[in-house]
Amino acid sequence: MSAAAALRVLYVDDDEDNRIVFQHSFSPRFVVDTCSNASDALAYLASHPYEVVVTDHRMPGMTGLQLLER
């Protein structure tokens, strides 16, 4: 396993198609987890180390910016 493959990425988007495309595009090089909302993302972040978080801005309940601020 290469060094890049060990990097963990969390992708947060309420659009399922976007999550599928992102995961298929980047999972060959990185470990990619996806969440459909900010609340689930916060739970993932509490229990897994991530080097990168990529998030949609406009999501119901909590925006991507609010998620990143937490």
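Described in the following lines is the structure provided in the data block.

1. Focus: the overall build of the protein
A count of helices and strands for the protein gives 3 helices and 3 strands. When the helices and strands of the protein are read in sequence order from the N terminus, they spell out β-α-β-α-β-α. For 70 residues, the compact-globule estimate of 2.2 N^0.38 gives 11 Å, and the protein sits close to it at 12 Å. Taken along its principal axes, the extent of the C-alpha atoms in the protein is 35 × 25 × 15 Å. In the protein, buried positions account for 27% of the 70 residues. Excluding contacts between residues fewer than 6 apart, the proportion of contacts in the protein whose partners are at least 24 apart in sequence is 53%.

2. Points about the nonpolar core
Nonpolar side chains in soluble globular proteins tend to be buried together. Within the largest apolar cluster, 9 residues are counted, these being Leu10, Val12, Cys35, Ala38, Ala41, Tyr50, Met59, Met62 and Leu67. At the level of elements, β1 (8–12) and α2 (38–47) are the ones that each hand at least two residues to this core. Counting 5 residues, the second-largest nonpolar core is a separate cluster that includes Tyr11, Phe22, Phe30 and Val32.

3. What about the pattern of salt bridges?
Counted by the stated rule, this structure contains 1 salt bridge. Linking Arg8 and Asp33 is a salt bridge whose minimum nitrogen-to-oxygen distance equals 2.6 Å. One end of the pair, Arg8, is in strand β1; the other, Asp33, is in strand β2 (residues 31–35), and 25 residues separate them in sequence. Of the residues examined, Asp33 reaches a relative accessible area of 19% and is grouped as buried.

4. Some thoughts on the side chain of Asp13
In this structure, Asp13 sits in the loop between β1 and α1 (16–26). Comment: no salt bridge for buried Asp13; closest opposite-charge side chain is Arg19, at 5.7 Å. Only 3.0 Å separates the side chain of Asp13 from the side chain of Tyr11, close enough to count as a polar contact. Not counting chain neighbours up to four residues away, the residues in contact with Asp13 comprise Asn18, Arg19, Cys35, Ser36, Asp56 and Met59.

Cut-offs applied
- Residues numbered from 1 in each chain as written.
- Predicted model: local features only at pLDDT ≥ 70, side-chain atom pairs only at ≥ 80, totals over all residues.
- Heavy atoms only, no water.
- Helix = DSSP H or I, 4+ residues; strand = E, 2+ residues; numbered from the N terminus.
- Rg over C-alpha atoms; globule rule 2.2 N^0.38 Å.
- Buried < 20%, exposed > 50% of the residue type's maximum accessible area, 1.4 Å probe, protein only.
- Contact = heavy atoms within 4.5 Å.
- Core = buried A, V, L, I, M, F, W, Y, C linked by side-chain atoms within 4.5 Å.
- Salt bridge = Lys/Arg side-chain N within 4 Å of Asp/Glu carboxyl O.
- Lys, Arg positive; Asp, Glu negative; His and termini not counted.
- Polar contact = N/O pair within 3.5 Å; in protein donor to acceptor, adjacent residues only side chain to side chain.

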